[in-house]
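Analysis of the macromolecular model
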Amino acid sequence: MIKGNWLLNDLTTSYSGEPKVIPIVGMGGIGKTTLAKEVYDNKSVLHRFDIRSWATVSQQHNRKEILLCLLQSAIKMDDSVRMKGEEELADMLQKSLKRKRYLIVLDDIWSCEVWDGVRLCFPTEDNAGSRILLTTRNNEVACYADTENLSLQMDLMGPDESWSLLKSAAFSSEALPYGFEAVGKQIADECHGLPLTIVVVAGLLKSKRAIEDWESVAKDVKSFVMNDPDERCSRRTWIAEGFLKLENDLEGEAGKCLQELVDRCLVLVCKKSLDGTKIRSCKVHDLIYDLCVREIQRENIFIMNDIVLDQSDSVWGPLSMQKMRPFKRVTGDEFFYCRNGLYRALLTPVHRQLRDHDNNDLLKQTHSIFSFHLKDSFFPPFLKSELIHFKLLKVLELRHLGIGNFPVQILSLIWLRYLSLLCHVCLDIPREICRLWNLQTFIVQGLSPLVKINVPEEIWGLTQLRHLKLPAFYLPDCPSGSADKGSHPKRPRVYILRDCPTKSADKGRHLQQPRLYFPNFPSRSVDKGRHLDLSNLQTISYLSPLCCKEEVIMGIQNVKELGISGYETEINSIRDSGILNNLVHLQQLETLSFMWCSKLFPESARAFPATLKKLKLERTSLSWSYLDIIAELPNLEVLKLMDDACGGKEWHPIVRGFNKLKFLLIEGNYLKYWKATNDNFPVLERLMIRSCRNLKEIPIEFADIYTLQLIELRKCPPKLGESAARIQKEQEDLGNNPVDVCISDPWVMFGESYYDSEEH
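For the chain, the count of helices and strands is 20 helices and 36 strands. Looking at the chain as a whole, 50% of its 760 residues qualify as buried. Across the chain, every contact between residues at least 6 apart in sequence was considered, and the portion connecting residues at least 24 apart equals 62%. On the chain, roughly 37300 Å² of surface is accessible, and the fraction owed to carbon and sulfur atoms is 49%.

Here the focus is the environment of Leu534. Among the structural elements, Leu534 can be located in the loop between strand S21 (528-529) and strand S22 (539-543). For the pair formed by Leu534 and Met554, sequence separation is 20 residues and the distance between their alpha carbons is 9.3 Å. If we skip the residues at most four places from it in the chain, Leu534 touches Ile459, Trp460, Leu462, Gly555 and Ile556.

The subject of this paragraph is the confidence of the model for the chain. The predicted model of the chain has a mean per-residue pLDDT of 78, with 75% of residues at 70 or higher. In the model, residues 351-357 has pLDDT below 50 throughout and makes 8 contacts with residues more than four positions away in sequence or in other chains. Confidence over residues 481-530 falls short of pLDDT 50; this stretch has 91 contacts with residues more than four positions distant or in other chains.

Applying the stated criterion across every chain yields a total of 16 aromatic pairs. Relative to Trp214, the ring of Phe171 lies with its centre 5.3 Å away and its plane at 35 degrees, an arrangement referred to as tilted. Of this pair, Phe171 sits in helix H9 (residues 159-171) while Trp214 sits in helix H12 (residues 211-225), and the two are 43 residues apart along the sequence. Trp214 shares its class with Phe171; the two are buried. A connected cluster of aromatic rings, assembled from ring pairs, spans Trp624, Trp651, Phe658, Trp674, Phe681 and Phe702. Directly above the ring of Phe49 sits Arg48, whose terminal nitrogen or CZ lies 5.5 Å from the centroid. Here Arg52 stacks its cationic end above the ring of Tyr40, 4.4 Å away from the centre of that ring.

Now for the packing of helix H4 (residues 63-71) against helix H6 (residues 86-97). The geometry of H4 relative to H6 is characterised by a closest axis approach of 10 Å and an angle of 30 degrees between their N-to-C directions. Taken together, the axis directions place H4 and H6 in an arrangement best described as roughly parallel. When the axes of H4 and H6 are compared, the crossing they make is left-handed. Mapping the contact onto sequence places Arg63, Lys64, Leu67, Leu68, Leu70 and Leu71 in H4 and Glu86, Glu87, Leu89, Ala90, Met92, Leu93 and Ser96 in H6. Residue composition of the contact of H4 with H6, grouped by class: 8 nonpolar, 1 polar and 4 charged.

A cluster of acidic residues, Glu18, Glu125, Asp126 and Glu148, forms a negative patch on the protein surface. Mapped onto the elements of the fold, Glu148 is located in the loop between helix H8 (139-145) and strand S5 (152-153).

Counting 106 residues, the largest nonpolar core has Phe442 and Trp674 as its most contacted members. Among the elements that make up this core, the one with the highest residue count is strand S13 (residues 395-403) (4 residues). Look past the residues within four positions of Phe442 in its chain and what remains in contact with it is Phe406, Leu419, Leu421, Ile429, Ile433, Leu465, His467, Leu468, Lys469 and Leu470. Core analysis: the next-biggest nonpolar cluster, separate from the first, contains 29 residues, Val57, Leu70, Leu97 and Trp115 among them.

What follows covers the sheet that holds strand S2 (residues 51-56). Strand order across the open sheet formed by 5 strands is S2-S3-S4-S1-S5, with parallel pairing between neighbours. Strands at the two margins of the open sheet, each flanked by one partner only, are S2 and S5. The pairing of strand S1 (residues 20-25) with strand S4 (residues 131-136) spans 6 bridges and is classified as parallel. Paired with Pro23 across the strands is Leu134, a residue of S4.

Moving on to unusual backbone geometry. Here the bond from Ser541 into Tyr542 is cis, since omega is -15 degrees, no more than 30 degrees from zero. With respect to the helices, strands and loops of the structure, Tyr542 is situated in strand S22. A positive phi is found at Asp108, a non-glycine position, where the angle reads about 65 degrees. Checked against the element boundaries, Asp108 lands in strand S3 (residues 102-109).

On to H9, then. Between its first and last C-alpha, H9 extends 18 Å over 13 residues, near the 18 Å set by a 1.5 Å rise per residue. Of the positions making up H9, those classed as buried are Ser162, Trp163, Leu166, Ala170 and Phe171. Relative to the axis of H9, the buried residues are bounded by an arc of 125 degrees and lie together on one face. Two residues or fewer after H9 comes Ser172, characterised by a positive phi angle close to 50 degrees.

This next bit is on the packing of H9 against helix H10 (residues 180-190). Here H9 crosses H10 at 115 degrees, and the two axes come no closer than 9 Å. Here H9 lies roughly perpendicular to H10, going by the angle between them. Crossing geometry of H9 relative to H10 is assigned as right-handed. Residues Pro159, Ser162, Trp163, Leu166 and Phe171 of H9 lie in contact with H10, whose contacting residues are Phe180, Glu181, Gly184, Lys185, Ile187, Ala188 and Asp189. Its residues assigned to classes, the contact of H9 with H10 comprises 7 nonpolar, 2 polar and 3 charged.

Below, the discussion takes up helix H2 (residues 32-40). Taken together, the buried positions of H2 are Lys32, Leu35, Ala36, Val39 and Tyr40. In a view along the axis of H2, the buried residues occupy a sector of 130 degrees, so they form one face of it.

Before going further, it helps to spend a moment on the pattern of salt bridges. Enumeration over the complete set of coordinates arrives at 15 salt bridges. In this structure, the salt-bridge partner of Glu87 is Arg63, at a minimum N-O distance of 3.2 Å. Placement of the pair is Glu87 in helix H6 and Arg63 in helix H4, with a sequence separation of 24 residues. With a closest N to O distance of 3.9 Å, Glu88 and Lys84 form a salt bridge. For Glu88, a relative accessible area of 44% puts it in the partly exposed group. Taken together, the shared-partner salt bridges connect Arg63, Glu86 and Glu87 into one network.

For the structure on display, the rule yields 0 disulfides. Considering cysteine sulfurs only, Cys692 is the nearest to Cys716, which forms no disulfide, with 5.5 Å between them. For Cys716, a relative accessible area of 4% corresponds to the buried category.

Turning next to the pairing of S22. With 5 of 5 residues buried, S22 is to be regarded as a mostly interior element. For strand S18 (residues 467-474) and S22, the ladder comprises 4 bridges, and the chain directions are parallel. Within S22, the residue paired with Leu468 across the bridge is Ile540. Regarding the hand of the β-α-β motif, the stretch spanning S22, helix H18 (residues 550-555) and strand S23 (residues 561-566) is right-handed.

What follows concerns the environment of Val45. Looking at where Val45 falls in the secondary structure, it is placed in helix H3 (residues 43-48). The spacing of Val45 and Leu11 is 34 residues in sequence and 6.9 Å in space, taken between C-alpha atoms. Beyond its immediate chain neighbours, meaning those up to four positions away, Val45 contacts Leu8, Leu11, Thr12, Val39, Tyr40, Arg52 and Leu103.

Let us now look at the side chain of Asp108. With no salt bridge to any partner, buried Asp108 finds its closest opposite charge in Arg137, at an N-O distance of 4.0 Å. Of the polar contacts made by the side chain of Asp108, one reaches the side chain of Trp110; its length is 3.0 Å.

Basis of the calculations
- Residues numbered from 1 in each chain as written.
- Predicted model: local features only at pLDDT ≥ 70, side-chain atom pairs only at ≥ 80, totals over all residues.
- Heavy atoms only, no water.
- Helix = DSSP H or I, 4+ residues; strand = E, 2+ residues; numbered from the N terminus.
- Buried < 20%, exposed > 50% of the residue type's maximum accessible area, 1.4 Å probe, protein only.
- Contact = heavy atoms within 4.5 Å.
- Areas by Shrake-Rupley, 256 points an atom, 1.4 Å probe, with all protein chains shown as cover.
- pLDDT = per-residue confidence, 0-100.
- Phe/Tyr/Trp six-rings, centres within 6.5 Å; stacked < 30°, edge-to-face > 60°.
- Lys NZ or Arg CZ within 6 Å of the ring centre and 35° of its normal.
- Axes fitted to C-alpha atoms, helices over the stretch in contact; angles between N-to-C directions.
- Parallel < 35°, antiparallel > 145°, perpendicular 65-115°, else oblique.
- Left-handed = near helix turned anticlockwise from the far one by under 90°.
- Nonpolar A, V, L, I, M, F, W, Y, C, P; charged D, E, K, R; others polar.
- Patch = residues over 30% accessible without salt bridge, like charges linked within 9 Å, V, L, I, M, F, W, Y side chains within 5 Å.
- Salt bridge = Lys/Arg side-chain N within 4 Å of Asp/Glu carboxyl O.
- Lys, Arg positive; Asp, Glu negative; His and termini not counted.
- Charge placed at Lys NZ, Arg CZ, Asp CG, Glu CD.
- Core = buried A, V, L, I, M, F, W, Y, C linked by side-chain atoms within 4.5 Å.
- Pairing = 2+ DSSP bridges.
- Expected span 1.5 Å × (residues − 1).
- Arc of directions from axis to C-beta.
- Disulfide = S-S within 2.5 Å.
- Right-handed = clockwise from strand over helix to strand, strands pointing away.
- Polar contact = N/O pair within 3.5 Å; in protein donor to acceptor, adjacent residues only side chain to side chain.

Laid out in structure tokens, this is it:
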């Protein structure tokens, strides 16, 4: 409603200036066309413009038809006009709009090419107050056509708006019968804020006036629009499934694909990184989800089914003997009745009818398994024993299932590319992990920061590995001694043996599975010896600093994102050793995170890779003066100082630095006095301060940072907010665009201390 009022006000009160383009952007069914239609038909708009024209474009557009639609309101149409060519029609439209105040609506534009094909038809001289409305699902189109940043982004409706729309559409002017409001609000909630869904469901309810009918619709609509229980989108599983065929920058290409889906409003962003550069989680609306499921099954790409383990251990038989019963489609409230959890599976279609006794083929068709609704649950033993039957599995995502030891059955899944686990206690990775020679992503999450993972040297055999994310772990030396030839010749060379034939399910041929062998002396069965490294590795965390030796660093030298974590008690033996100076060899590194690691930091900025763009320091207890070294990093754009990253109460930068820093986060520190100038942060755009109860003020000199766009304060004392307001006013007095100030959950003074207003 607010957007409608703003748009109506703009259309009816602005009489000067060149014609403006106002894009209305949002996913299908969110109400873009409805909003445009409401203002287009408004009486005040009707009297305001000399000409109003509307053309619906759609995905399969026809330029001539668009021009004819727009001309209908501008000239008298006859057959002679309809027979003219596109260029003549474009010229006629342009002339008919000259010296007129016009309102043009181009509904449902899908591409920039459509806009290029008609924009020159709209004159800009002597047409003051004219407007062009575009509705589009594609942000790229909106940005391309909008030269004045006037885009309206449509949002999903809230609960109250949803119920109001459902009620008015289902009952019109009728009074709401007693008892209908509760079930009506339930139905509205299940439409998840999408107006099109609400209106469609209201159409079903319009002829139903019995409460039982509404309760029945409530169940049906929940089944129809039930979304995937997990909203998060993993680009790495796209890679694991083989959707992306590039050999090099797979992650970059996956990021572009995801951003394109977001720009087209097909995917909704739920959460971004603090600096706003990365999408952390996202979701699709239920209608899009339902469409995707129908399309992949119609096109014979995948079959989506659920594995429901809802029987007790005493009656559970082998999964391979359960015929078709383990695989079904679960929707709605059924999710919460899956006693042993729900596992969603993607299967490859077959072109023949499965026989009742042939469920083993069904298991072999399964490409991916994801676990849902199993928070703090343990791995069911009967599922663990059945994993061996999923011969061609590529993705195994079990991050909702706690494990006490590594399930050895996983080691038989040689085609696995993505593996995600959750451990409650410390975990030993078996030496046979090298059998998973196709593995690209290996993630283990710990329920506690004290969880440690013991990693064998055989992990160096996973040469396809791109992402290794574990709780604190020690990466042993490469078995060949080093990625650099000649080091440590006494260590055994690694050999690749070609054995363990496995039969391919699709063509009947035998495929050789390589395995690692560490001989005491040369063997005739060895084909060839070679040095191993993890040259494909893009992400690795959290490494112990003890293993940041040159030979290990050289083995992961293409990594782009690195996390290092080490407790004080662990690193006494390497204090003052300069071991972290070896990081300079990581010439592709862009993101670096430290946890603890006190007393190990390099004494010069030259020890860090010059490529570094993002740095996070957490519980590192550095002195504030050490940040003068960090300020010298030539390409640093993001700096996060979290939970006692720096000790002490005063920060007085003494060097002119941070020449490219755009984002600064200070969280959970005891900083009290901060003195700095705009020379210390010359291009800062966003300053975020959280849980800093002692900080008195933000330096007033920040008003001279012309690039500063946002100051965000959370759980900070009110005086800090007053300081931010002074900076904002100072910028206004200087005639600059004032910085936005966002304050949430302030700490409130109570006696001699602060308390969190959110907790009281």
